[in-house]
Amino acid sequence: MRTGVIVQTRMGSSRLPGKVMIDICGKPVIEHVIDRLKMSKVLDDIIIATTTSVKDKIIVEQAKRNGVKWFCGSEEDVLSRYYYAARENRLSTVVRVTSDCPLIDPVILDEIVEFYKKNDYLLVTNAGNILEYRTYPRGLDVEVFSFDILEKAFYSAKKPYQREHVTPYIYETYENKIYYYKNNINLSKYRWTLDTEEDLKLISIIFNNFYYKYGRNFGFKDILKFIQSNPQLSKINEHIEQKKIG
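Here's what I pulled together on the structure shown here. Counting restarts for each chain, with residues numbered from 1 along the sequence as it is written. It should be noted that, the model being predicted, local features are given only for residues of pLDDT at least 70 and side-chain atom pairs only at 80 or more, the latter also being counted only at that level, while totals for whole chains, interfaces and linings use all residues. Excluded from the side-chain calculations are hydrogens and water; all other atoms, namely the structure's heavy atoms, are used.

### Brief notes about the pattern of salt bridges
Charged atoms that come close allow side chains of opposite charge to pair. Note the following rule: Salt bridge, as used here: a side-chain nitrogen of Lys or Arg that lies within 4 Å of a carboxyl oxygen of Asp or Glu. Only DSSP runs of H or I reaching four residues or more are called helices, and only runs of E reaching two or more are called strands; each is numbered from the N terminus. Exposure is judged per residue with a 1.4 Å probe applied to protein chains only, and the accessible area is read against the type maximum: over 50% gives exposed, under 20% gives buried, and values in between give partly exposed.
Across all of its chains, the model carries 14 salt bridges by this definition. Between K55 and E75 there is a salt bridge, with the nearest N and O atoms lying 3.4 Å from each other. Within this pair, whereas K55 is found in the loop between β4 (45-51) and α2 (57-65), its partner E75 is found in the loop between β5 (69-73) and α3 (78-88), the two being separated by 20 residues in sequence. Classification of E75 by relative accessible area gives partly exposed; the value is 24%. In this structure, the salt-bridge partner of E143 is R96, at a minimum N-O distance of 2.7 Å. Of the two residues, E143 sits in strand β8 (residues 143-146) while R96 sits in strand β6 (residues 91-98), which places them 47 residues apart along the sequence. Accessibility assignment for this pair places E143 and R96 in one class, buried. Linked through salt bridges whose partners overlap, the residues forming this network are R15, K19, D100 and D195.

Written out as structure tokens, the structure is:
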């Protein structure tokens, strides 16, 4: 019964090409993601899932340097990338994280996985990817689901957006089995993800404030206190519209 996080990542990005290898505080973004995931107490595996494209070999080399597993699969069919990565590593519980979340919080991730396991192992749990249920800042997104559900999605999802975005088929099919992990205060107005130059500016400021003092040991509550004490920072990227799914 293995639990593994699969981090989808590639060098191609329409709005910020090569963002996963951009340097922040002396490390590429993907290394910050890995470092923070290594603080989790519930993960058996960290798997970097990239593509077979030549331009993504740099990501594989980074995974090797950071001592984590990697998998190379389809660039367009990200659902298949997840399925084969999970199958190859014999995962029973799959945690989904994207590489544009360098501020991912391992405490929140662990809480979600533990909730999932205390229930029936069929629930899909979610920390905020679905817009209408979001209560955490964008950029702390975590999804957890069973390998069995992932396998059903792999064989059944037919629409391009379902294959590209991994979980839409799951949400559409298992609507009554989804638990949306919510914060007690709605903080969905905050954007801590990395997709544009404006996002990069804000995230760099956050890292510069914490990283040189505490290394990777700062989390959601620390960032929130900093942002709320400096409300002008959120104005940097508050106008950015998230890409639509479907």
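### Structural notes on the layout of surface pockets
Quick note on the threshold: Here a cavity denotes a set of grid points, spaced 1 Å apart and computed over the protein atoms alone, in which a 1.4 Å probe fits but from which it cannot get out, and a pocket denotes an open set meeting protein on both sides within 12 Å along at least five of seven lines; residues with an atom within 4 Å of a point are reported as lining. Grid points are joined across faces, edges and corners, and a volume is the space filled by probe spheres set on the points. Note that Gly is not counted as nonpolar here; it falls among the polar residues with everything else outside the nonpolar set of Ala, Val, Leu, Ile, Met, Phe, Trp, Tyr, Cys and Pro and the charged set of Asp, Glu, Lys and Arg.
The space that makes up the second largest pocket amounts to roughly 340 Å³. Taken together, 23 residues form the lining of the second largest pocket, with D105, I108, Y136, F220 and K221 sitting closest to its centre. Where the lining of the second largest pocket is concerned, the elements lending two or more residues are α4 (106-118) and α9 (220-229). Classifying every residue of the lining of the second largest pocket gives 11 nonpolar, five polar and seven charged.

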